[in-house]
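What follows is the residue order along each chain.
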Amino acid sequence: MKDDLLKIKDEYLWDPKSAVADRDPDVAEIAALERSLSRFRAPGAESLPLPEALWADRGWQTARASTWRGSLAIAAVLVLTVGGVWLSLGRKYIGDGTGWQGARIAGQPHVDSEPVAAWFRLRTGQILETDDASRARIDVGNIGEVEVGADSQVKLLEAQAESGSLGLDHGTITALIWAPPRRFMVQTATATAVDLGCEYTLHVDADGNGWLRVSIGWVAFEKGGQESFVPVDAMALIRHGARPGTPFYEDASPTFRSALEEIDFGTVGPSEVEERKTALATLLEQARKRDAITLWHLLGRTDGTELAQVFDGLAKLVPPPSGVTRNGILAGDGHMRDTWWDALGLRDTGWWRGWKRDFPER
Amino acid sequence: MTDTARQIDFARRIVEKAGFQPGMEIAWAISQAETTSSSSDPTTAEREQAEDRADIVAARFGDRAAFGRLYARYLPMVHGLLLARVPREEAEDLVQEVFMQALRKLSTLREPGAFGGWLATIARNRAHDYFRRSRSREDLPDEIPAAKGSADTRALAALAAIRRLPEAYRETLILRLVEGMSGPEIATRTGLTPGSVRVNLHRGMAQLREILGEILGKE
């Protein structure tokens, strides 16, 4: 028994469902040990119910409080009421075009170089700044919130109850927005991140380089009419002075990502032509079906021979639907590009073009 | 995380942050989950995490049934963590104290996703308190009964052997071998990473082999 008992299979130990106990003598022995030890197992919740006193205890704390505790409670209620009214007034104030409410999360953030209290008002035009030990939250009217990370500088550009925008000079922000698309924007020196109903993190360093990473929904990243549509689990790089990076899924291979970075931000010159050709060939070779979104964006960012290569690469992953032709794409037909997008299995163009109609540029 | 689980999680967080009224947020979150659940199937762990979040939010508003569900789901973990530290006969009483303390402090839990790790900390602290407050401190017996004789004696010997292991290995092995939780479940419930749980199981088992080998070798 000794040897059998001691030979334990790691996989069975990790997950008993992964091995069939009765077909493996080693596993069967450890299963016997489990059965033996199961006598010490917790009884079911039915056999060990939570005592009623648990709930009575909560009530007891208020119902049977002593007189001075009662007075204290009344005082606390008054404080809460006054505080609630103040907060309520504050919330009315916030979102009327003059500012939003903020809260200190850690350390000592500053607004226009003045240290802020636990709760504060951030007026339009003011700059919220954090150092390496501080963080803050901004309530985006009634539609979301933004956490401002350490070493960040953010300017409030517009503050309505249902919409608004921030300017991110440098640092990291994480936005969680529950409004319809295009109600909240973040401007950086490179491009503007437009919320399409989502959660995302945007980071820009002091040199103007950074990234946008989407964890829920979609974000449009725009500059000068050029857009990147970044879906969940994807990101786009930011380079100072360059157009928004082409979106790619985070689980794309390092080779793919490196090749895309070369295509997006590599120096363009006679000596770099070969490098760019190699990068494009590598990217097309490494592309998986879900990387079609990257290739689709490149249809609008390449021309000539490169565009033809991208067309062929994308066609291998997602065949062009009826009405989409090679000549049309090479000629820059936007309608055909949109039609092809619809075949990618993401939201159709009616949706992500539609939000522009519903919420025109302010 | 699947898209559905992500949508559910998103809904939960929004209702928490947006300050919906009690009851509304659950209905809203569930409707969100239902409308987004047609395309993909979340894993069991993701579904349980989403359920946990909903129950934690509801329990904060005094929903007994929600807290009861949390109790049922986390009872084995809390019991196992206590069993790794205190005498067997004390573990059940302390389980209830841990949950009472958790209910009182639930409003201080900032991130519902951290519930398991938070509850585990309460359980560990309660076990420490047990020894600190006990006048006649009784540590777990070092002596391991000979692993021969009745099934009861052998089981006691095995449990005592596990209790001689370092804390991290002891906890994980008790959750696995006594409480019958799988490695993934242990990770989900305790907040440990799957990698840590796997390492604890592997190394703890190796050490248990040695101890059991000594006992069985003496037979």
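Quick caveat, the model's predicted, so the values are computed rather than measured.

Reading guide: rules and limits
- Residues numbered from 1 in each chain as written.
- Chains lettered and ligands numbered in written order.
- Predicted model: local features only at pLDDT ≥ 70, side-chain atom pairs only at ≥ 80, totals over all residues.
- Heavy atoms only, no water.
- Helix = DSSP H or I, 4+ residues; strand = E, 2+ residues; numbered from the N terminus.
- Buried < 20%, exposed > 50% of the residue type's maximum accessible area, 1.4 Å probe, protein only.
- Contact = heavy atoms within 4.5 Å.
- Areas by Shrake-Rupley, 256 points an atom, 1.4 Å probe, with all protein chains shown as cover.
- Axes fitted to C-alpha atoms, helices over the stretch in contact; angles between N-to-C directions.
- Parallel < 35°, antiparallel > 145°, perpendicular 65-115°, else oblique.
- Nonpolar A, V, L, I, M, F, W, Y, C, P; charged D, E, K, R; others polar.
- Pairing = 2+ DSSP bridges.

Caption draft 1: Highlighting the overall build of chain B. When helices and strands are counted, chain B shows 10 helices and zero strands. Going from the N terminus to the C terminus, chain B shows its helices and strands as α-α-α-α-α-α-α-α-α-α. Across the 219 residues of chain B, 50% fall into the buried class. Within chain B, residue pairs in contact and separated by at least 24 positions form 64% of the contacts whose partners lie at least 6 positions apart. By element, 48% of the accessible surface of chain B is carried by carbon and sulfur atoms, the whole surface being about 10200 Å².

Caption draft 2: Expanded view of the packing of helix H7 (residues 273-286) of chain A against helix H9 (residues 304-317) of chain A. All names here are of chain A. As a packed pair, H7 and H9 sit with axes 10 Å apart at the nearest point and diverge in direction by 10°. By the angle between their directions, the pair H7 and H9 is classed as roughly parallel. Every residue of H9 that contacts H7 at Arg276, Leu280 and Leu284 is listed here: Glu306, Gln309, Val310 and Gly313. For the contact of H7 with H9, the class distribution of residues is three nonpolar, two polar and two charged.

Caption draft 3: Inspection of unusual backbone geometry at higher detail. Residue and element names in this part refer to chain A. Positive phi values are uncommon outside glycine, yet Asp112 reaches one of about 50°. With respect to the helices and strands, the residue Asp112 is situated in the loop between strand S2 (110-111) and strand S3 (114-115). The backbone phi angle of Ser113 is positive, close to 70°, even though this residue is not glycine. Note on placement: Ser113 falls in the loop between S2 and S3. Given the relative accessible area of 59%, Ser113 is considered exposed.

Caption draft 4: The pairing of strand S15 (residues 226-231) of chain A, seen in detail. Residue and element names in this part refer to chain A. Burial analysis of S15 places six of its six residues in the buried class, which makes it a mostly covered element. Of the two faces of S15, both are covered, the one formed by Gln226, Ser228 and Val230 as well as the one formed by Glu227, Phe229 and Pro231. As judged from the six bridges shared by strand S14 (residues 218-223) and S15, these two strands associate in the antiparallel manner. Residue Lys223 lies in a different strand from S15, and its bridge partner there is Gln226. Where S14 hands over to S15, the hairpin turn is made up of two residues, of which Gly224 adopts a positive phi near 50°.

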